[in-house]
Amino acid sequence: MSREPPVLIAVTRPGSPSLAPCELTHLAREPIDVARAAAQHAAYEQMLGTVGATVVRVAAAPGSPDAVFVEDTAIVLDEVAVLTRPGAPSRHGEVAAVATVLAGYRPVLSLTAPATLDGGDVLRLGRVLHVGRSSRTNQEGIEQLQRLVLPFDYRVVAVEFNGCLHLKSAVTDVADGLLLHNPAWVSGAVFSGCEAMPIDERESHGANALRIGDAVIYPSQFPHTAGRLRERGMRVECTDGSELAKAEGAVTCCCLLVS
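Computed from a predicted model, the values in this text were never measured in an experiment. (Residues numbered from 1 in each chain as written. Predicted model: local features only at pLDDT ≥ 70, side-chain atom pairs only at ≥ 80, totals over all residues. Heavy atoms only, no water.)

(A) Fine view of helix α3 (residues 139–149). Of the positions making up α3, those classed as buried are Gly141, Ile142, Gln144, Leu145 and Val149. Looking down the long axis of α3, one finds its buried residues gathered within 165° of arc, a one-sided arrangement. Where α3 is buried, its residues contact β3 (74–76), β4 (81–83), β6 (122–125), β7 (128–132) and β8 (155–159). Where α3 begins, one side-chain oxygen reaches toward the backbone nitrogen of glutamate 140, 3.3 Å away; that side chain belongs to asparagine 138. (Buried < 20%, exposed > 50% of the residue type's maximum accessible area, 1.4 Å probe, protein only. Helix = DSSP H or I, 4+ residues; strand = E, 2+ residues; numbered from the N terminus. Arc of directions from axis to C-beta. Contact = heavy atoms within 4.5 Å. Polar contact = N/O pair within 3.5 Å; in protein donor to acceptor, adjacent residues only side chain to side chain.)

(B) Molecular detail of helix α5 (residues 223–231). Residues of α5 that are buried: Thr225, Ala226 and Leu229. All buried residues of α5 project into a common sector of 105° when viewed along the axis, lining one side. Where α5 is buried, its residues meet β9 (171–175), β10 (178–181), β11 (195–198), β13 (215–219) and β14 (235–239). Of the residues trailing α5, glycine 233 is marked for its positive phi of about 85°.

(C) The arrangement of the side chain of aspartate 121 in detail. Mapping aspartate 121 onto the fold places it in the loop between β5 (108–110) and β6. Buried and unpaired, aspartate 121 has no salt bridge, with arginine 136 as the nearest side chain of opposite charge at 7.6 Å. At 2.8 Å, the side chain of aspartate 121 and the backbone nitrogen of leucine 167 are in polar contact. Ignoring anything within four residues of it in the chain, the contact list for aspartate 121 reads His130, Val131, Gly132, Ser134, Arg136, Thr137, Phe161, Leu165, His166 and Leu167. (Lys, Arg positive; Asp, Glu negative; His and termini not counted. Salt bridge = Lys/Arg side-chain N within 4 Å of Asp/Glu carboxyl O.)

(D) Structural detail: the pattern of salt bridges. Using the criterion set out here, one finds 20 salt bridges in the structure. For lysine 168, the salt bridge identified is with glutamate 71, shortest N-O distance 2.5 Å. With a gap of 97 residues between them, lysine 168 in helix α4 (residues 167–170) and glutamate 71 in the loop between β2 (53–57) and β3 connect regions that are remote in the sequence. Grouping residues by exposure puts lysine 168 and glutamate 71 together as buried. Taking the shortest distance from any N to any O, the salt bridge between glutamate 79 and arginine 127 comes out at 3.0 Å. One end of the pair, glutamate 79, is in the loop between β3 and β4; the other, arginine 127, is in the loop between β6 and β7, with 48 residues separating them in the sequence. For arginine 127, a relative accessible area of 32% puts it in the partly exposed group. Put simply, Arg36, Asp240, Glu243 and Lys246 are held in one network by salt bridges that share partners.

Take it as geometry only, folks, not as evidence of what the structure does.
Okay, structure coming up:
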């Protein structure tokens, strides 16, 4: 008897009409077209469905400008979900609603003060969680995460990087054993056992890609790096995230994958 393939859930959250005063660390503030951002997010959700995910939405948080970047609120592993404590105090209220949704799929654990950690700083490669030390993720956050995941046989490795908000702004996985990275922001040598493919040098923000099955969801703003991915034989599905990018958002930021 054949088995049904496992269901892949992509947890998303609608953007807020108050997106304009979002938290910014490395970018200068620009006007954000909120309606256009909402349309781009809707197209992104449609793309998630196209590549095989079932979209489950967390209730909107109109008063939380950054709530659309749901990835920062949790780390979803095979056995458990770990709720983070985002580094920006304005984002602490985002976590509870995400916890309610994730509790339907995983046991839930939580980081506690004084830990801070954004999910965008966590790159999982097998049983290793590479965690960027950043303005949003502190040493206590890294140490608490290690204690919480150690019983499930995960190892946490702290990673130094610079030039961008989150570790996954600098590096993401795009295939087994293959990373896409900006070598000016993070050293590929940190990730032992993986090939680190550099982005096109004209596209400094092009290292953030979302791998789902055999597809890579990728920002349409970076065609040169997209071409490099296609030259490696990858199925690249491009989506326009230009308005959310003004809020330091990217394709991994806008969902939590639960398989």
